[in-house]
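Spelled out, the chains give:
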Amino acid sequence: MKKLFCILLFVSSVGYSQDTLKIMFWNLLNYNVTDTVRNPYYRTVIEAVNPDILVVEEIGNQATVDEIVNHIMNFTTSAYSAGTFIDGYDTDNALFYKSSNLTFLTNTPIHTELRDINEFKLYHNTSLDTFRIYSAHLKASNTSADAAQRGREVDLLRNVTNGLGDGKIFFVCGDFNIYSSTEIAYQKLLQDNVADDGNFCDPIYMTGNFNQAKYAAYHTQSTRVRAFGGGATSGLDDRFDFLLYSTAVKNGERVSYVANSMTACGNDGNHYNDSINRQPNTAVPSTIADALYLASDHLPVIAKFVFKQANNTPIELLNFKGSLLNKKVILEWSTATESNNNGFEVERIRNEELGIRNWEKIGFVKGSGNSITIKNYSYEDAQINFFGNYSYRLKQIDINGEYKYYKEINVEYASMENFLLR
């Protein structure tokens, strides 16, 4: 019988210094490349905030993404790049980032019954961590059917995050159209299940209906009280725009939220049911308040996160498995990311009944050095002379000689007779 054992691992880095990233997201209100009259207003706000990452909702197509990166983000700089864009079947999401310290990896759509939720995967060049940002624009309006649909959309998101495994770094941001802490979609986002680590954490504690004067400082819609250019006209009275993060970020081992850094840009808490640019506005200058008023019916939300720099090689090991085949043990493993990885020593031990454990080096597999793409490795152990139970482990060695052991796997020979028949 062939026995296969697999251990899924995520190895975190140990930090000694840090880099703070500012994440900003914004519902741009049906922005299209043909509607460039609003470009100066977007530029005013973005240049004032200077985000490291900008995620946007309600844009039209690839030409619109090009317009944003070329004539808004990089109007006075060349710091920003655009992530891969996927044109869905409704309004779409896009991501822009500073390429000096971030590498864009993938954009994976999560299809819902209305519009895509996009998983943007990035690599932080300093901390060497891989993380995900989900951009969501959930169903609007306040009927029970609308709330139920938002719940179903969140189910699809949680199906993905629940499968990521423990300790993963991820965020979700966007226009959620959620009205209350009791709404099913909000509850499902935060629901902490015993069997998975896919829930989100909200750094802002609000209970009951979000449309209350006491929550005025957190409201993000609407920036205006009169109709022009589309959008809502209720004044600031709803918290529709959220930025939530995973338990790994809450715990703060590798990435941590900067306390009290999450803000609705331009909201001083004194504009409940009013336009954002009614003076005085104590949060931003009048030029920015006017730009927020004219650019969109949503305020952008901003938060800061500390990424802790690694002092040794972080390896994101996706799997490590061993199988018995033709008198050999076949070891296979793969990595998602590597940095300064010289290679892997393969070690083996026969698990004696007396409990004596003496590991021996049986081989070496050269690493890929630096990589942000999946690398696959294998090693064949043809030196098994006795039936029994064997364990294998990897000793990952940095280019500078530092090393780290990974959890061991077990391969068992049922009997010598079975072994000789292979």
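So, here's what we can say about the structure. Everything numeric here is computed off the predicted structure, so don't read it as measured data. (Residues numbered from 1 in each chain as written. Predicted model: local features only at pLDDT ≥ 70, side-chain atom pairs only at ≥ 80, totals over all residues. Heavy atoms only, no water.)

A word on the pattern of salt bridges. Counted by the stated rule, this structure contains 16 salt bridges. A salt bridge links E183 to R150; the nearest nitrogen and oxygen atoms lie 2.6 Å apart. A residue pair is termed long-range when its members are at least 10 positions apart, and E183 in the loop between β9 (170-175) and α4 (184-190) and R150 in helix α3 (residues 144-161) qualify at 33 residues. We classify R150 as buried; its relative accessible area is 0%. E380 is paired through a salt bridge with K328; the nearest N and O atoms lie 3.2 Å apart. Remark: K328 occurs in strand β16 (residues 328-350) and E380 occurs in strand β18 (residues 375-381); sequence separation between them is 52 residues. Through salt bridges with shared partners, one network takes in R348, E360 and D381. (Salt bridge = Lys/Arg side-chain N within 4 Å of Asp/Glu carboxyl O. Helix = DSSP H or I, 4+ residues; strand = E, 2+ residues; numbered from the N terminus. Buried < 20%, exposed > 50% of the residue type's maximum accessible area, 1.4 Å probe, protein only.)

Overall, the coordinates contain 22 aromatic pairs when judged by the stated rule. Here the aromatic rings of Y245 and F305 are separated by 5.8 Å at their centres, their planes lie at 80°, and the arrangement is edge-to-face. Here Y245, found in strand β11 (residues 241-246), pairs with F305, found in strand β14 (residues 301-310); they are 60 residues apart in sequence, far enough to count as distant. With respect to burial, Y245 and F305 carry one shared label: buried. Ring pairs connect the aromatic residues F131, F171, Y245, Y257, F305 and F307, which therefore count as one cluster. Of note, R43 hangs over the ring of F75, and the distance from its end group to the ring centre comes to 3.7 Å. Directly above the aromatic system of F228 lies the positively charged group of R224, at a separation of 4.0 Å from the ring centroid. (Phe/Tyr/Trp six-rings, centres within 6.5 Å; stacked < 30°, edge-to-face > 60°. Lys NZ or Arg CZ within 6 Å of the ring centre and 35° of its normal.)

Let us now look at the sheet that holds strand β10 (residues 200-201). One open sheet holds the 6 strands; their spatial order is β6-β7-β8-β9-β11-β10, and the pairing between them is mixed. The open sheet has two edge strands, β6 (102-110) and β10, and neither has a second partner. For β9 and β11, the ladder comprises 5 bridges, and the chain directions are antiparallel. When the bridges of β11 are listed, G174 appears paired with F242. (Pairing = 2+ DSSP bridges.)

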